[in-house]
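A look at the structure
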Amino acid sequence: GAGVSQSPRYKVAKRGQDVALRCDPISGHVSLFWYQQALGQGPEFLTYFQNEAQLDKSGLPSDRFFAERPEGSVSTLKIQRTQQEDSAVYLCASSLEVASYEQYFGPGTRLTVT
Amino acid sequence: GQQVMQIPQYQHVQEGEDFTTYCNSSTTLSNIQWYKQRPGGHPVFLIQLVKSGEVKKQKRLTFQFGEAKKNSSLHITATQTTDVGTYFCAGSFGNEKLTFGTGTRLTIIP
């Protein structure tokens, strides 16, 4: 594909519902990152994958957040029992190399928890 | 924790004026990246700086990395309406994780 794609683009969930957000990185990109961006703020790191291995999940806010990338390409970020404070834009980014390198961001999923 | 501070938060300039945003870290960075996010859009990579004292130019944009690798700046000469957006610095502290600054939102007065 031409770039990173994410689905859905918008998600409205009632408090307590589970949601799953999908990221399709650029083909061949080794690294995949998830970020949370609140309104008017910079992206905040959630977790990082190198191929299928989750090497850093230090940014996940609680154990309600779970991410996976089982075959080293598509990734899913799952949020269980959503809370209002989970409302944000969730950005996925991929990069070609293992070391710090330019990241290509997807359009994001805007999650609203009511 | 490791934080990256960015100032100013907002900047309004007349079209044609210059613009500068500054980024600071309390600890040494291994490298720093700059991204631009248009309103309603996603961050788009502009540049990466790695070496102490490095200066890079992209047309009207000039990026600097401090000698101590703790600060960086982005300067835009003669702003145009296409420069509108939020500019983020993002620092790496020796691993894959990027720590984004709070961003500087640039608006242009025609």
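Read on for an overview of the structure. (Residues numbered from 1 in each chain as written. Chains lettered and ligands numbered in written order. Predicted model: local features only at pLDDT ≥ 70, side-chain atom pairs only at ≥ 80, totals over all residues. Heavy atoms only, no water.)

Attention now goes to the layout of surface pockets. Estimates place the volume of the largest pocket at around 640 Å³. Contributing to the lining of the largest pocket are 26 residues, with Gln-37, Leu-39 and Gly-40 of chain A together with Gln-37 and Gly-40 of chain B lying nearest its centre. At the level of elements, strand S9 (88-95) and strand S11 (109-113) of chain A together with strand S9 (85-92) of chain B are the ones that each hand at least two residues to the lining of the largest pocket. In terms of residue class, the lining of the largest pocket is made up of nine nonpolar, 13 polar and four charged. Put simply, the second largest pocket is a space of about 410 Å³. Considering every element that reaches the lining of the second largest pocket, the biggest residue donor is strand S10 (residues 98-100) of chain B, with three residues. By residue class, the composition of the lining of the second largest pocket is seven nonpolar, nine polar and two charged. (1 Å grid on protein atoms, 1.4 Å probe; cavity = no way out; pocket = protein on both sides within 12 Å on 5 of 7 lines; lining within 4 Å. Points joined across faces, edges and corners; volume = space filled by probe spheres on them. Helix = DSSP H or I, 4+ residues; strand = E, 2+ residues; numbered from the N terminus. Nonpolar A, V, L, I, M, F, W, Y, C, P; charged D, E, K, R; others polar.)

Glancing now at the interface of chain B and chain A. Taken together, the contact pairs 17 residues of chain B with 21 residues of chain A. Area buried by chain B at its contact with chain A is led by Glu-96, Lys-97 and Phe-100 of chain B, which between them contribute 37% of it. The interface formed by chain B and chain A contains zero salt bridges. Those elements giving two or more residues to the side of chain B that touches chain A turn out to be strand S4 (31-37), strand S5 (44-49), S9 and S10 of chain B. When residues of the side of chain B that touches chain A are assigned to their parent elements, the largest contribution, four residues, is made by S4 of chain B. Split by residue class, the side of chain B that touches chain A holds six nonpolar, nine polar and two charged. (Contact = heavy atoms within 4.5 Å. Buried area = accessible area lost by both parts, 1.4 Å probe. Salt bridge = Lys/Arg side-chain N within 4 Å of Asp/Glu carboxyl O.)

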